[in-house]
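These are the residues of each chain, in order.
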Amino acid sequence: MNFCPHCGERVNSDQDVCLNCGAMLKNRSTSTTHTHVKDVGGFGWGFLGFMIPIAGIIIYALMKDTQPLNASAALKGALISIGISVLFYIIIAATGFGLYY
Ligand SMILES: [Zn+2]
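For clarity, every value in this text was computed on a predicted model and none was experimentally measured.

Colleague: So what exactly am I meant to see when it comes to the packing of helix H2 (residues 43-51) against helix H4 (residues 68-94) here?
Modeller: Two quantities define a packed helix pair, namely the angle between the axes and the distance from one axis to the other. Two elements in contact, H2 and H4, have axes separated by 6 Å at closest approach and are oriented at 35°. Note on packing geometry: the crossing formed by H2 with H4 is right-handed. Each of Trp-45, Gly-46, Gly-49 and Phe-50 in H2 lies in contact with H4, whose residues at this interface are Asn-70, Ala-73, Ala-74, Gly-77, Ala-78, Ile-80, Ser-81 and Ile-84. Grouping the amino acids of the contact of H2 with H4 by side-chain chemistry returns seven nonpolar, five polar and no charged.

Colleague: What should I look at first to understand the coordination of the zinc ion in this one?
Modeller: Perfect tetrahedral coordination of a metal by four donors corresponds to 109.5 degrees between them, and perfect octahedral coordination by six donors corresponds to 90 or 180 degrees. Listed as protein donors to the zinc ion are Cys-4 (SG), Cys-7 (SG), Cys-18 (SG) and Cys-21 (SG); their distances from the metal cover 2.2 to 2.3 Å. Here the zinc ion binds four donor atoms, and the angle range of 106 to 112° at the metal identifies the geometry as tetrahedral. Counting the intervening residues between successive donors of the zinc ion yields the motif C-x2-C-x10-C-x2-C. Of the two residues, Cys-7 is situated in the loop between strand E1 (2-3) and strand E2 (10-11) and Cys-18 in the loop between E2 and helix H1 (27-31); the sequence distance between them amounts to 11 residues. The class of Cys-18 is buried, set by a relative accessible area of 3%.

Colleague: Got a minute to help me understand the packing of aromatic side chains in this structure?
Modeller: Here a ring pair, both rings aromatic, is described through the centre-centre distance and the interplanar angle of the planes. Within the structure shown, the criterion is met by two aromatic pairs. Aromatic pair Phe-43 and Phe-47: ring centres 5.9 Å apart, planes at 25°, arrangement stacked. Residue Phe-43 and its partner Phe-47 are located together in helix H2, separated by four residues, close to a single helical turn. Here Phe-43 falls in the exposed class, since its relative accessible area comes to 69%.

Colleague: Explanation requested: the packing of H2 against helix H3 (residues 53-63) in the structure shown.
Modeller: Closest axis-to-axis distance for the H2/H3 pair is 5 Å, and the angle between their directions is 130°. Regarding the angle of H2 to H3, the classification is oblique. Only Pro-53, Gly-56, Ile-59 and Met-63 of H3 make contact with H2, whose side of the interface consists of Trp-45, Leu-48, Gly-49, Phe-50 and Met-51. Broken down by class, the residue content of the contact of H2 with H3 amounts to seven nonpolar, two polar and no charged.

Definitions and limits used
- Residues numbered from 1 in each chain as written.
- Predicted model: local features only at pLDDT ≥ 70, side-chain atom pairs only at ≥ 80, totals over all residues.
- Heavy atoms only, no water.
- Axes fitted to C-alpha atoms, helices over the stretch in contact; angles between N-to-C directions.
- Helix = DSSP H or I, 4+ residues; strand = E, 2+ residues; numbered from the N terminus.
- Left-handed = near helix turned anticlockwise from the far one by under 90°.
- Contact = heavy atoms within 4.5 Å.
- Nonpolar A, V, L, I, M, F, W, Y, C, P; charged D, E, K, R; others polar.
- Donors = N, O, S within 2.8 Å, 3.2 Å for Na, K, Ca; no water.
- Tetrahedral: all angles 85-135°; square planar, octahedral: opposite > 155°, others 65-115°.
- Buried < 20%, exposed > 50% of the residue type's maximum accessible area, 1.4 Å probe, protein only.
- Phe/Tyr/Trp six-rings, centres within 6.5 Å; stacked < 30°, edge-to-face > 60°.
- Parallel < 35°, antiparallel > 145°, perpendicular 65-115°, else oblique.

Below, the structure is given as structure tokens:
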């Protein structure tokens, strides 16, 4: 048994609206419904960051508070991808192919 925060009338816990005053009772709980994504730093996030480094960095910026492990996995993938790209260009430059650019 709960009580209406607005008028104090008794309400059932499964009620959405207070029958006495009409106040919304589950306003807060429904608005903060989380889609439970596993925050385990999964391979998929790293792979996404690796394929699209910009997306990986953006994902890190957006999710570092809510899903720190997934966010860091995406960032790691992005950094590895950027590192390989940089290495690739250094090798090209070092072997002389860079002159064609
Ligand atoms: Zn009420």
